[in-house]
Amino acid sequence: MKGVVFTEFLEMVDDKFSPEIAERIIDNADLASNGAYTAVGTYDHTELVKLVVNLAAETGAEVPDLVRTFGEHFFHRLVAIYPHFVNDDQDVFAFLESVENYIHIEVRKLYPDADLPSVKTERPGDGQLVVTYESKRCLADAAHGLILGCLDHFKVKDKVSIDRQDESEGKGSRVRFNLSKAA
Amino acid sequence: MDIGTLEKRLAREKAARSEAEALLEAKSRELYLSNKELLKASQTLIGQSQQLNAIFDQALTVILLTDGDGKIQRANRSAEMTFGREPGELKSTNLYDLLDQSSREAAVALERQRDPAKKFMTVGDMQEMVGLRADGTPFPLELAVSVFELEGKRHGVWISRDITARKEAQEKQLRLEQELRQSQKLESLGTLASGIAHEINTPIQYINDNAHFLKESFSDLMSVLQAYDVLLQKADTDDQYKEQTGAVRANAEAADVDFLKEEIPSSIDQTLDGIERISKIVTAVKEFSHPGTTEMTAIDLNQAIETTLSVTRNEWKYVAETTTDFDAGLPMVPCLPGDINQVIMNLIVNAAHAIESKGGESLGKIAIKTSHSDSQVTIAITDNGCGIPEANQGQIFDPFFTTKGVGKGTGQGLSIAFNIVSQKHDGTLSFTTEEGVGTTFTITLPAVRTPEVKEAV
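How each quantity is defined
- Residues numbered from 1 in each chain as written.
- Chains lettered and ligands numbered in written order.
- Predicted model: local features only at pLDDT ≥ 70, side-chain atom pairs only at ≥ 80, totals over all residues.
- Heavy atoms only, no water.
- UniProt positions renumbered as here; feature names shortened; annotations may be inferred.
- Contact = heavy atoms within 4.5 Å.
- Buried area = accessible area lost by both parts, 1.4 Å probe.
- Salt bridge = Lys/Arg side-chain N within 4 Å of Asp/Glu carboxyl O.
- Polar contact = N/O pair within 3.5 Å; in protein donor to acceptor, adjacent residues only side chain to side chain.
- Helix = DSSP H or I, 4+ residues; strand = E, 2+ residues; numbered from the N terminus.
- Nonpolar A, V, L, I, M, F, W, Y, C, P; charged D, E, K, R; others polar.
- Buried < 20%, exposed > 50% of the residue type's maximum accessible area, 1.4 Å probe, protein only.
- Pairing = 2+ DSSP bridges.
- Axes fitted to C-alpha atoms, helices over the stretch in contact; angles between N-to-C directions.
- Parallel < 35°, antiparallel > 145°, perpendicular 65-115°, else oblique.
- Left-handed = near helix turned anticlockwise from the far one by under 90°.

The name that an unreviewed UniProt entry assigns to chain B is histidine kinase, with the source organism given as Denitrobaculum tricleocarpae. The Catalytic activity (unreviewed entry) field of the UniProt record for chain B holds the comment "ATP + protein L-histidine = ADP + protein N-phospho-L-histidine."

An unreviewed UniProt entry annotates chain A as Heme NO-binding domain-containing protein originating from Denitrobaculum tricleocarpae.

### Details of the interface of chain A and chain B
On the chain B side, the residues contacting the 15 residues of chain A number 11 residues. Taken together, both faces of the contact between chain A and chain B bury some 1,000 Å²; the carbon and sulfur share is 51%. It is Glu-20, Glu-23 and Ala-36 of chain A that lose the most area in chain A upon contact with chain B, and together they represent 43% of the buried surface on that side. Across the chain A-chain B interface, the total number found is 4 salt bridges. A salt bridge links Arg-12 of chain B to Glu-23 of chain A; the nearest nitrogen and oxygen atoms lie 2.5 Å apart. Along the contact surface separating chain A from chain B lie 7 residue pairs in polar contact (both at pLDDT 80 or more). The greatest single-element share of the side of chain A that touches chain B, amounting to 6 residues, is contributed by helix α2 (residues 19-27) of chain A. For the side of chain A that touches chain B, the per-class residue count stands at 7 nonpolar, 4 polar and 4 charged.

### A closer look at the pairing of strand β12 (residues 438-446) of chain B
All names here are of chain B. Most of β12 sits inside the fold, with 8 of its 9 residues counted as buried. In this sheet, β12 lies alongside strand β10 (residues 376-383) in antiparallel orientation, the contact comprising 8 bridges. The partner of Ile-381 across the bridge, within β12, is Phe-441. Bridging between strand β11 (residues 428-434) and β12 involves 7 bridges; their strand directions are antiparallel. Residue pairing across strands places Ser-430 opposite Thr-442, the latter belonging to β12.

### As for the packing of α2 of chain A against helix α1 (residues 3-58) of chain B
Closest axis-to-axis distance for the α2 of chain A/α1 of chain B pair is 10 Å, and the angle between their directions is 60°. The angle between α2 of chain A and α1 of chain B places the two elements in the oblique class. Pair α2 of chain A / α1 of chain B crosses with left-handed handedness. Residue-level inspection shows Pro-19, Glu-20, Ala-22, Glu-23, Ile-26 and Asp-27 of chain A of α2 of chain A in contact with α1 of chain B, the latter providing Thr-5, Lys-8, Arg-9 and Arg-12 of chain B. Of the residues assigned to the contact of α2 of chain A with α1 of chain B, the class counts are 3 nonpolar, 1 polar and 6 charged.

### Some thoughts on the UniProt feature "domain: Heme NO-binding" (unreviewed entry) in chain A
According to UniProt, the positions carrying the feature "domain: Heme NO-binding" (unreviewed entry) are residues 2-160 of chain A. Across residues 2-160 of chain A, the secondary structure splits into 57% helix and 8% strand, with the terminal C-alpha atoms separated by 30 Å.

So, in structure tokens, the structure goes:
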């Protein structure tokens, strides 16, 4: 997993909780990297899982909620870091369709070894978009948070509803998000 | 943030920085190597591009790259030269505009029918079409196309060749073959005529001998008949022979002996005259069709003209009378006798046809005059026929050009004559003409030729 995910996660912990909590969850995680992340490095994704679990223990929050919160925060950070991928005049559904068809293609050009999740989309009807997340890392909550961040960025969070269906027996490795625009 | 936390964070940041620097160095090295590879690949590509450009522009074949609508995206130098365009002028021109109307449709069909899966063109794919130069002049060309897809769009690679020279060579070869066939036919006819003339000579000889014998014998017989007449007149005075003399007179009257005495000598003379004419014609045919002379031979042109006039008599005798004005001092002229005979014959026959075309009550005139200077001899054949219209004067020596009706001419006579005089004899064949007044064809031949030629035997 790219280091930017870790650095942004720790930034979020600093901001939303405290630097001390950030240090504690690193200390308690027994990480191979010792928590010394650089945005352009690549690290084992299980380190993120350990950090999230430790954060849940520190704060008493649920892991899925923390991951989803991080996803939403991470989307805004990604827009700030890579603004050229986002056209604010674009329709939110069109942007979500471009994740798989454009953004991931560009990411692979820069990082050929990147192990990206599959984010398939389809439009079953007017005002409807189905986003199907699939990854062995089982980070559907992060995907959910990213979608929420996306809706927030395009200022349609209160106009688009999300119906989430886990198609991997609750493992979060394949989840279908049914997005519907309010009539 | 307490000091402990800051210290931990500093240590972690230092480690992250080291890692980042190591990553940066590794990426820098990768970038350097990639750049090096890229530079090498780029140089290779530039080299290959230069090679391809050189091949593209040096190719004698027209090469055009078009989009799916036929708009030219790239054209080589040969294409520009073939279609008579300035460098760069063909770009954005439509290929189909470089073809005439019928070829345009054929080329569109060719492109549409071409299967993109069939990558390579073969000679069999070439189709003959008509191209247009910049000034609209049409010219024959061969055209083939191969189509391919680039970034989802159909493109065509057109290969073409200007086949003007090839067509001309084919036409020339065809013409030469026809001339050769005609020449072989004439040679066969000449050989046949020569053989027939030879076979006719023998019976003519004994017919002539017998006619002379009859003439002399009849002369002797006339003396006897005159003696018989004297005897008959004396017998008339004696009655005892009355019956016999009566019978003799009756038989003489029945046989119309007086008429026979008068007509038989002139009949024999006419026969001898006819035989002499046959003999002359046969001799002329033999001389005219003298076979096997393919080397330059010095001949008497006056004699050759006389002979040709005899041979062609049937062609002109009903429409013209001929006169000759021969230069008595004409030297023996080195030439190919059979060919020169053919030239003179063609010109005499043409003169007769021109007189016939003009029509008229009285006979026309064909006058043949020979003359010479130190270096050349001249034969002028003048007729007072219809003349040559100005519009046709530039074409009369072209192969197959004729204004004669079907069966009268193949349009090869003057072409062959011109070829014989100019190509085979280094001479000239020219004409002056006035429509409705007549034409003079003038042949000049070198009087002296090196290497030496043998005299005709």
